[in-house]
Amino acid sequence: SFDRAPERVEAIYRAAQPFLDLLRAEPGGHALDTIESARELLTKGPARALLEDLEGVAIAAGAAAPPAEPFPLCVVARLRNPETGAQLVEGAVTAFFQSFLRNAASRTFQAETLSLGGKDLPARFLEPMPGFRLRYLRLDRSFVLSFSASALVEAAGAHASGQNAAAAPLPAATGRIIVLP
């Protein structure tokens, strides 16, 4: 369960203190800075709001993608309150990219239409770097994110057919890496 997810992040951080103490001695402290940045990102602001509304998540990799597309990795986030989900997803994703890309603050999500068997699928995308579009679709209470448009179309098709819809709207050929209820 994702109840109290931000507090669980803090608990994991506290439990890792002996390891973090070893990192403090590292010259330059880069690893510790990275961990501290991740903790900050997950426990404050938009990412915290998303974690608080998260009901389940699945991360999956597709079998293959068209040559012009990146690896078909999907992240599916099922939210308690999907009506505010787009705002939560966009806020958290934007904050994530802003944490390490200087020009990400000037980029915003834009509307895009994908197609499944002649049916339009309203999607949104952010292009954090030229040529790399992170897209998402809302499928009922789930938000499916991927750099691969074909993976999103496959996920929408699987969801519409009822295939995999109970666990997460994942394409049939998808290998699940992790599913958290």
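Source: prediction; values computed, not measured.

Conventions used here
Residues numbered from 1 in each chain as written. Predicted model: local features only at pLDDT ≥ 70, side-chain atom pairs only at ≥ 80, totals over all residues. Heavy atoms only, no water. Salt bridge = Lys/Arg side-chain N within 4 Å of Asp/Glu carboxyl O. Helix = DSSP H or I, 4+ residues; strand = E, 2+ residues; numbered from the N terminus. Buried < 20%, exposed > 50% of the residue type's maximum accessible area, 1.4 Å probe, protein only. Phe/Tyr/Trp six-rings, centres within 6.5 Å; stacked < 30°, edge-to-face > 60°. Expected span 1.5 Å × (residues − 1). Contact = heavy atoms within 4.5 Å.

### Comments concerning the pattern of salt bridges
Next up, step 1: Within the structure shown, the criterion is met by nine salt bridges.
Next up, step 2: Put simply, arginine 133 and glutamate 112 hold a salt bridge, and the shortest N to O gap is 2.9 Å. Separated by 21 residues along the polypeptide, arginine 133 in strand E5 (residues 132-139) and glutamate 112 in strand E3 (residues 110-116) bring together distant segments of the chain.
Next up, step 3: The exposure class of arginine 133 is partly exposed, given its relative accessible area of 29%.
Next up, step 4: The class for glutamate 112 is buried, based on a relative accessible area of 14%.
Next up, step 5: Residues joined in a network through salt bridges with shared partners are Glu55, Arg78 and Arg141.

### Examining unusual backbone geometry
Next up, step 1: Its identity as a non-glycine residue notwithstanding, aspartate 140 has a phi of 60°, on the positive side.
Next up, step 2: Within the fold, aspartate 140 resides in the loop between E5 and strand E6 (142-146).
Next up, step 3: Judged by its relative accessible area of 54%, aspartate 140 is exposed.

### Describing the packing of aromatic side chains
Next up, step 1: Evaluation of the coordinates by the stated rule reveals four aromatic pairs.
Next up, step 2: When the centroid spacing of 5.1 Å and the interplanar angle of 65° are considered together, the rings of phenylalanine 96 and phenylalanine 97 count as edge-to-face.
Next up, step 3: Judged by relative accessible area, which is 38%, phenylalanine 96 ranks as partly exposed.
Next up, step 4: The interplanar angle of 65° and the centroid separation of 5.7 Å between the aromatic rings of phenylalanine 109 and tyrosine 136 together place this pair among those described as edge-to-face. Remark: tyrosine 136 occurs in strand E5 and phenylalanine 109 occurs in the loop between helix H5 (85-98) and E3; sequence separation between them is 27 residues. Tyrosine 136 shares its class with phenylalanine 109; the two are buried.

### Here we look at helix H6 (residues 149-161)
Next up, step 1: In this model, H6 (13 residues) spans 19 Å end to end at C-alpha, consistent with the 18 Å of a helix rising 1.5 Å per residue.
Next up, step 2: Where H6 is concerned, the buried positions are Ala149, Ser150, Ala151, Leu152, Val153, Ala155, Ala156, Ala158 and His159.
Next up, step 3: Tucked inside the fold, the buried residues of H6 contact strand E2 (73-79), E3, strand E4 (119-129), E5 and E6.
Next up, step 4: Following H6 by one or two positions, glycine 162 has its phi on the positive side, about 90°.

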